[in-house]
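What the coordinates show
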Amino acid sequence: MNVPDFISSISNNAIAGAYAKTWDILGRYFHPLCSVSGGSDSDIVLDIVHSLDEEHKVRYVWFNTGLEYKATKQHLDYLEHRYNIHIERVQPVKSVPVCVKEYGYPFISKLVSQKIHSLQIHGFDFKDRTFDEDLCLFPQANDGLKWWHNIGTVHIWNIDYYKHLKHFLIAYPPQFLISDKCCYYAKKLPAKFFVRDNNIDLQIIGTRKAEGGIRSVGSACFSNGKDYDTLRPVFWFNDYDKREYQRMFHIQHSDCYSVYGLKRTGCAGCPFNRYLFTEQQLLIGHEDGLLRAAHNVFTQVYEYTKLYRSFCAQQGETFSLFQEVSND
């Protein structure tokens, strides 16, 4: 393929830019890794990378969290057949159910769970005091206390980014441990080990800034790291660009999207999912066994999430951050 001519033929600037950046970056590395999740953004990244990987040097890897849709596993088989590639399946260091049992439940988001955990492990009692008073009582919890008292320099790094959350935690202090460790042991650590053990110098992932949340804080599609660099080919894609790519290159997503009607994939039943309860209804009849497994793992935090949303509703909040909407 004549890559410059191909790129110049693409009228969509975001798509053309993704190809140009990936082509430029890919040529500089010897041992690149493309992370394949089975999700819709990942599908596009794989398509871009595979079309430009003329030397066949990219390794495609899927990190199994222990709570995966059967549709995702079937989709991996489809991708291998379509692109004539091998997707390596990597097992978690600790599965999500094990992490929840050992470290605590994920709640709302990775950042929120991390900050609450950093408070809990130092005995914080979720009372309403000044920062100086709390620092005297819990001097080892400085990082969590900055979040609790909205001292972060970026809004998303403060507790008031989440409507009424501080007042909720004061009214209903968690009676169980909260933690983001499931993501670390099921995804981040296995990826770190794979990179280290296989001399990976470039990791390619499907992060999009338009997804919002903590991802919106980033400002680049490429970054240098200590041990390896990271490329995010679709970082600047908005939803229109994504739909255009799917149309132009005939991208077929997993049944999670096309049959179940889910908006996202990842760990089944993950409490970080803003459409959590809506999507659980969509899984009935398709992934009943996995749905039961997720409930066995997350029931306690599901009830706590419902309590939080009910608390917000009582304050007149319309759940701008957590609204469960129709998938029609």
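Just above sits the structure.
Here's a quick rundown of the structure. (Residues numbered from 1 in each chain as written. Predicted model: local features only at pLDDT ≥ 70, side-chain atom pairs only at ≥ 80, totals over all residues. Heavy atoms only, no water.)

Considering the packing of helix H3 (residues 40–52) against helix H4 (residues 70–83)
- Interaxial distance between H3 and H4 falls to 12 Å at its minimum, and their mutual angle equals 20°. In terms of axis orientation, H3 runs roughly parallel to H4. You can see that H3 and H4 cross each other, and the crossing is right-handed. Of H4, the residues touching H3 (which contributes Asp43, Leu46, Asp47 and His50) are His75, Leu79, Arg82 and Tyr83. (Axes fitted to C-alpha atoms, helices over the stretch in contact; angles between N-to-C directions. Helix = DSSP H or I, 4+ residues; strand = E, 2+ residues; numbered from the N terminus. Parallel < 35°, antiparallel > 145°, perpendicular 65-115°, else oblique. Left-handed = near helix turned anticlockwise from the far one by under 90°. Contact = heavy atoms within 4.5 Å.)

Let's talk about H4
- Compared with an ideal rise of 1.5 Å per residue, which puts 14 residues at 20 Å, H4 spans 20 Å between its outermost C-alpha atoms and is within 8% of the ideal.
- Listed in full, the buried residues belonging to H4 are Ala71, Thr72, His75, Leu76, Leu79, Glu80 and Tyr83.
- Check the buried side of H4 and you find it contacts H3, strand E2 (59–63), strand E3 (87–90) and helix H12 (255–258).
- Positive backbone phi, at 55°, marks Asn84, one or two positions downstream of H4. (Expected span 1.5 Å × (residues − 1). Buried < 20%, exposed > 50% of the residue type's maximum accessible area, 1.4 Å probe, protein only.)

Observations concerning the side chain of Thr65
- Here Thr65 shows up in the loop between E2 and H4.
- Looking at Thr65, the relative accessible area reads 0%, which means it is buried.
- Of note is the side chain of Thr65, whose polar atom sits 2.9 Å from the side chain of Glu68.
- Among all residues touching Thr65, those that are not within four sequence positions of it are Pro92, Ser95, Val96, Ala186, Lys187 and Cys267. (Polar contact = N/O pair within 3.5 Å; in protein donor to acceptor, adjacent residues only side chain to side chain.)

Digging into the environment of Pro190
- Relative to the helices and strands, Pro190 resides in helix H10 (residues 181–197).
- For the pair Pro190 and Thr299, spaced 109 residues apart in the sequence, the C-alpha separation amounts to 26 Å.
- Among all residues touching Pro190, those that are not within four sequence positions of it are Phe63, Val90, Gln91, Pro92, Val93, Tyr184 and Tyr185.

A few points about the pattern of salt bridges
- Tallied over the full model, the rule gives 15 salt bridges.
- Put simply, Glu80 and Arg89 hold a salt bridge, and the shortest N to O gap is 2.7 Å.
- Residue Glu80 is classed as buried on the basis of its relative accessible area of 17%.
- For Arg89, a relative accessible area of 33% translates into the label partly exposed.
- Taken together, the salt bridges that share partners define one network made up of Asp41, Arg208, Asp239 and Lys242. (Salt bridge = Lys/Arg side-chain N within 4 Å of Asp/Glu carboxyl O.)

Observations concerning helix H14 (residues 288–314)
- If you check H14, its first and last C-alpha atoms are just 33 Å apart, much less than what 27 residues at 1.5 Å a residue would give, namely 39 Å.
- Within H14, the axis deviates most sharply at Phe298, by approximately 75°.
- Among the residues trailing H14, Gly316 stands out with phi positive, at a value near 90°. (Bend = angle between axes of the 7 residues up to and from the residue.)

Looking at the sheet that holds E3
- An order of E3-E2-E1-E4-E6-E5 is seen for the six strands of this open sheet, with the pairing classed as mixed. Strands at the two margins of the open sheet, each flanked by one partner only, are E3 and strand E5 (222–223).
- In this sheet, strand E4 (residues 202–204) lies alongside strand E1 (residues 32–35) in parallel orientation, the contact comprising three bridges. The residue bridging Cys34 from the neighbouring strand is Ile204, located in E4.
- The strands touched by H3 within the sheet are E1, E2 and E4, with E1 carrying the most contacts at an inclination of about 150°.
- Helix-sheet contacts for H4 involve E2 and E3, and the interaxial angle to E3 is about 150°. (Pairing = 2+ DSSP bridges.)

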